Amino acid sequence: MTFDSPARGGLAGIMLPLERNRWITTLVGRHGYIPPADREGFLAYAGQLRTPTLYDAIKKAEQLGEIARFGFPASVYRHFDRLEKFPRGLLPLGDAVCRFNPVYGQGMSVAAQEACLLHELLRRRADQTDPLAGLAPAFFAEAVTLIETPWALAVVPDLAHPGTEGQRPKDLQQRLEFGEGLNRLAAYDAAVHKLLFEVLHLLKPQSVLREPELVERVKAFAAQA
């Protein structure tokens, strides 16, 4: 995978293995940069990435399917947890609560986690006279924890681009610098790489990346770079 700096325009690409010796390649563009849907245009776009690795891997590869394009206008987080009342018998899930930029590949995982959370809440209430009483507020309160990590992982990098609209956290620059340093360290340290991807795949919370020892290692590595 490769990501351009926001100053260069924010082009990105990722290539992942699939079953039966196949690979899937995704190209990303922001704010006017749109990957073409034809093979020659797709390859030319890949050739604009900051490194030629992905382009070199696909330029002579056999294309097995049509190129699919998808546009995404904005990440949206609806804070139902802040409502004092919510209609009985109604419960939004997945994108209805929080819609993530799909380039980060976390929306379906979060929806699945929310479904598991709902199952657990209903299990706890199975013996109550009115299991649905207060279900929505309880669900929204616990869903906040599920959404916290993927929201930070998806929104903070997008806010680095000057053309992105949205409220930026006061420590945005520090977060971006830490993220860049963490990615650089992960490229050299297998244990850090594994930990980072466990967080990206929502197997561990983002808080594990803020352990003091790891933070100091990231700072030291960034200083050397």
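Everything quoted here is computed from the prediction, not taken from an experiment.

What counts as what
- Residues numbered from 1 in each chain as written.
- Predicted model: local features only at pLDDT ≥ 70, side-chain atom pairs only at ≥ 80, totals over all residues.
- Heavy atoms only, no water.
- Phe/Tyr/Trp six-rings, centres within 6.5 Å; stacked < 30°, edge-to-face > 60°.
- Buried < 20%, exposed > 50% of the residue type's maximum accessible area, 1.4 Å probe, protein only.
- Helix = DSSP H or I, 4+ residues; strand = E, 2+ residues; numbered from the N terminus.
- Axes fitted to C-alpha atoms, helices over the stretch in contact; angles between N-to-C directions.
- Parallel < 35°, antiparallel > 145°, perpendicular 65-115°, else oblique.
- Contact = heavy atoms within 4.5 Å.
- Nonpolar A, V, L, I, M, F, W, Y, C, P; charged D, E, K, R; others polar.
- Salt bridge = Lys/Arg side-chain N within 4 Å of Asp/Glu carboxyl O.
- Expected span 1.5 Å × (residues − 1).
- Arc of directions from axis to C-beta.

Trainee: Any chance you could break down the packing of aromatic side chains for me, citing the residues and the numbers?
Mentor: Taken as a whole and assessed by the stated rule, the structure comprises seven aromatic pairs. Ring centres of Phe80 and Phe86 lie 5.6 Å apart, and the angle between their planes is 85°; this geometry places the pair in the edge-to-face category. Assessed through its relative accessible area of 19%, Phe80 is described here as buried. Geometrically, the ring pair formed by Phe139 and Phe140 is edge-to-face, given 5.8 Å between the ring centres and 65° between the ring planes. Neither residue differs from the other here; Phe139 and Phe140 are each classed as buried.

Trainee: How would you explain the side chain of Asn101 if you had to name every residue and give the values?
Mentor: Take Asn101: it is sitting in the loop between strand E5 (98–99) and helix H3 (107–125). On the accessibility criterion, Asn101 (12% relative accessible area) is buried.

Trainee: Can you explain the packing of helix H5 (residues 172–186) against helix H7 (residues 212–224)? Please cite residues and give values.
Mentor: As a packed pair, H5 and H7 sit with axes 9 Å apart at the nearest point and diverge in direction by 85°. As judged from the angle between their axes, H5 and H7 are roughly perpendicular. Packed against H5, whose contacting residues are Phe178, Gly181, Leu182, Arg184 and Leu185, the element H7 presents Leu214, Val215, Arg217, Val218 and Phe221 at the interface. Counted by class, the contact of H5 with H7 contains seven nonpolar, one polar and two charged residues.

Trainee: Mind laying out the pattern of salt bridges, listing which residues take part and the relevant values?
Mentor: Scanning the model with the defined rule gives 12 salt bridges in all. Taking the shortest distance from any N to any O, the salt bridge between Arg124 and Glu120 comes out at 3.3 Å. Here Arg124 and its partner Glu120 are both found in helix H3, four residues apart, which amounts to about one turn of the helix. Arg124 gets classed as partly exposed once you look at its relative accessible area, which sits at 45%. In this structure Glu120 comes out as partly exposed when scored by relative accessible area, which is 25%. Two residues, Lys204 and Glu198, come together in a salt bridge whose shortest N-O distance is 3.0 Å. A single network of salt bridges, built from pairs that share partners, joins Glu120, Arg123, Arg124 and Glu142.

Trainee: Give me the lowdown on H7, citing residues and values where you can.
Mentor: Three or four residues apart is the spacing at which side chains of an α-helix point the same way, because the helix has 3.6 residues per turn. For H7, built from 13 residues, the straight-helix expectation of 18 Å at 1.5 Å per residue is met to within 8% by its first-to-last C-alpha distance of 19 Å. For H7, the complete set of buried residues consists of Leu214, Val215, Val218 and Phe221. All buried residues of H7 fall inside an arc of 130° around its axis, so they share one side. Exposed side of H7, more than 90 degrees from the buried face: Pro212, Glu213, Lys219, Ala223 and Gln224 are the residues found there. Its buried side turned inward, H7 meets H5 and helix H6 (190–200).

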